[in-house]
Amino acid sequence: MASLSAAPTASASSSSSLASELEAAASDAAEPGVGGGGGVGGGDDLDSLLSNLSGQMDDVDDENMGARGKCAKCKQAIAGEVMQALGKAWHPHHFSCGSCDKPLGTEDFYEQDGVPHCTPCFQRQFSPMCAHCNEPVMDRCVTALGKKWHPEHFVCQTCLKGFDTGQFFEHGGVPYCEACFYEAHAPKCIGCGKGIKGDAVNAMGGSFHPECFCCTYCQKSFAGGTFFESGGKPYCETHYHQQAGALCAGCGKAITGRSVSALGKKFHPEHLVCSFCMNPLAGGSFFEKG
């Protein structure tokens, strides 16, 4: 942070030293024999000192006797209070925000390319914005999906839980945990209605978990992969024909060819037989009892 400091005046110290030397030389010149040559020698030394003093006083800048360096902003000498910041000296009223020119004083500030900025200006111009809350990210930052996030805001879009394992799923440019991603965006199994994570069976215009692709009636898988559809649901051959009323009343199996209708039922022709002697009845007359 900036601090106030004072610096000694170099030109004033030099003048004081010369004056002390002048007084000492004048005292020596007044005493006989001092200077190695009586009064004449002493006068020569005094003239030399006076000449040196005159030359050095000409180099003293009377206007900047108390200068403490040049202000980094106005480039003028600093004679009074000084602010020290960013390795430079400033007039206190010139140490201001490089964007809005507001004096910074002893307030917190941020540096960008050697220029100080107040907090609001720095946030607005240089800080990345969090993709979740759209507020500036001033401290730790998570970079993901081509965006910046506060660490506490990089969470599942649906359940708002963090990613403890570091794994997440993306959809539409936002992150999801595994459970919420499959629940919301994975293809749904026609059998159970849940999201499909791994292998899938594609049939009937949709997808199934392999274990869910089975006969709707008996829940058995389809041996050989053959199934029959009725009402938008899969059935094994037996229960498909049962749904369609096409099972033989004699053997209980599906009728896929010719059939005989009798007693309000359907039979394979060879299965409509006399209950006592087992002779075929198809094409002939018969009597019903019980």
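Since this is a predicted model, take the numbers as computed values, not measurements. (Residues numbered from 1 in each chain as written. Predicted model: local features only at pLDDT ≥ 70, side-chain atom pairs only at ≥ 80, totals over all residues. Heavy atoms only, no water.)

**Regarding the confidence of the model for the chain**
Here is step 1 of the chain: Taken over all residues, the pLDDT of the chain has a mean of 73, while the share at 70 or more is 69%.
Here is step 2 of the chain: No element of the chain has a lower mean pLDDT than strand β1 (residues 3–4), which averages 36, and none a higher one than strand β9 (residues 174–176), which averages 90.
Here is step 3 of the chain: Taken together, the stretch residues 32–41 has pLDDT below 50 and engages in three contacts with residues farther than four places along the chain or on a different chain.
Here is step 4 of the chain: Predicted confidence for residues 57–62 stays below pLDDT 50, and this span has four contacts to residues more than four positions away or in other chains. (pLDDT = per-residue confidence, 0-100. Helix = DSSP H or I, 4+ residues; strand = E, 2+ residues; numbered from the N terminus. Contact = heavy atoms within 4.5 Å.)

**A look at the side chain of Ser207**
Here is step 1 of the chain: Tracing the chain through its elements places Ser207 in strand β11 (residues 206–208).
Here is step 2 of the chain: Using a relative accessible area of 15% as the deciding quantity, one classes Ser207 as buried.
Here is step 3 of the chain: Polar contacts involving the side chain of Ser207 include one to the side chain of Asn202, which spans 2.8 Å. (Buried < 20%, exposed > 50% of the residue type's maximum accessible area, 1.4 Å probe, protein only. Polar contact = N/O pair within 3.5 Å; in protein donor to acceptor, adjacent residues only side chain to side chain.)

**Quick word on the environment of Pro269**
Here is step 1 of the chain: By the secondary structure assignment, Pro269 is in the segment after β15 (265–267).
Here is step 2 of the chain: Pro269 gets classed as buried once you look at its relative accessible area, which sits at 14%.
Here is step 3 of the chain: For the pair Pro269 and Gly250, spaced 19 residues apart in sequence, the C-alpha separation works out to 9.7 Å.

**Description of the environment of Val115**
Here is step 1 of the chain: Looking at the element boundaries, Val115 is found in strand β5 (residues 115–117).
Here is step 2 of the chain: Residue Val115 is classed as partly exposed on the basis of its relative accessible area, which comes to 33%.
Here is step 3 of the chain: Contacts of Val115, omitting those with residues within four sequence positions, involve Leu86, Gly98 and Tyr110.

**What about the packing of aromatic side chains?**
Here is step 1 of the chain: Going through the model one piece at a time under the given rule, you end up with 14 aromatic pairs.
Here is step 2 of the chain: Through a chain of ring-to-ring contacts, three or more aromatic side chains come together here, namely Trp149, Phe154, Phe163 and Phe168. (Phe/Tyr/Trp six-rings, centres within 6.5 Å; stacked < 30°, edge-to-face > 60°.)

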